[in-house]
Amino acid sequence: MVRPTAAARRPACHAAPLTVLLTVGLSGNVFTAARWLPGWLGAVLPWSSLLLAALLLYWARGHRRITWRDLGLGRAGLLHGAALGGGVGLAITGAAAVVLGFPPLLTGPVTYAGASAVPLEALLWRVLVTMPLDTVLVEEVIFRGALLGALLRRYPAPVAVALNAVGFMLWHPAVILATLTETNLAQTPLFHVLGVAA
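Residues numbered from 1 in each chain as written. Predicted model: local features only at pLDDT ≥ 70, side-chain atom pairs only at ≥ 80, totals over all residues. Heavy atoms only, no water.

(A) Structural detail: the packing of aromatic side chains. For the coordinates displayed, the defined rule picks out 2 aromatic pairs. Ring centres of F143 and F168 lie 5.2 Å apart, and the angle between their planes is 85°; this geometry places the pair in the edge-to-face category. Of the two residues, F143 is situated in helix 6 (residues 120-154) and F168 in helix 7 (residues 157-171); the sequence distance between them amounts to 25 residues. Exposure remark for F143: the relative accessible area of 1% places this residue in the buried category. Here F168 falls in the partly exposed class, since its relative accessible area comes to 25%. (Phe/Tyr/Trp six-rings, centres within 6.5 Å; stacked < 30°, edge-to-face > 60°. Helix = DSSP H or I, 4+ residues; strand = E, 2+ residues; numbered from the N terminus. Buried < 20%, exposed > 50% of the residue type's maximum accessible area, 1.4 Å probe, protein only.)

Following this line, the structure appears as structure tokens:
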């Protein structure tokens, strides 16, 4: 029996992280679409993204032999990463609030019907509790943890980061389009296109 050479085995090794990357990236649109399903399905299915994150952690740790440190979840870097991420997140949120409140190309602020129709208590619960759990935590574990760690094992850092960014981009089209259609940006095709591009 002739064993395959290292060169022959390499495409399969590379294909595993790429296949997972594309599958996971596109699945984000399913979780977003599930929010509009009637009844309990619309309430439960979006939370299945937590199960996906757990499966990706199992895959990364068990099959790819990626350490907690490589996942960005080691004790040494966890607090530093959380503080850095929180600071960057606050800075981006502040900048976004200014741009949305005083957009340079619009005559007034950007309005979002999905937020204005929700009571303040429900909005705060979504922003401070459920969104960090079903969105922020999931995306951090999947993209900046499991997938990036797996890609860094197979590709140089710039290539791995670029591929991971593609997967992150594929995760978001449905939520971006759904959000834009509920804003006043949707009334102007140019701004709609710019919003999707951004």
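(B) Structural context of helix 3 (residues 48-63). A rise of 1.5 Å per residue sets the reference length of helix 3, with its 16 residues, at 22 Å; its end C-alpha atoms lie 22 Å apart and thus fit the reference within 8%. Along helix 3, the residues that are buried comprise S49, L52, A53, L56, L57, W59 and A60. For helix 3, the angular spread of the buried residues around the axis is 160°, confining them to a single face. Turned more than 90 degrees away from the buried face of helix 3, the exposed residues are L51, Y58 and H63. Immediately beyond the C-terminal end of helix 3, within one or two residues, lies R65, with a positive phi of roughly 55°. (Expected span 1.5 Å × (residues − 1). Arc of directions from axis to C-beta.)

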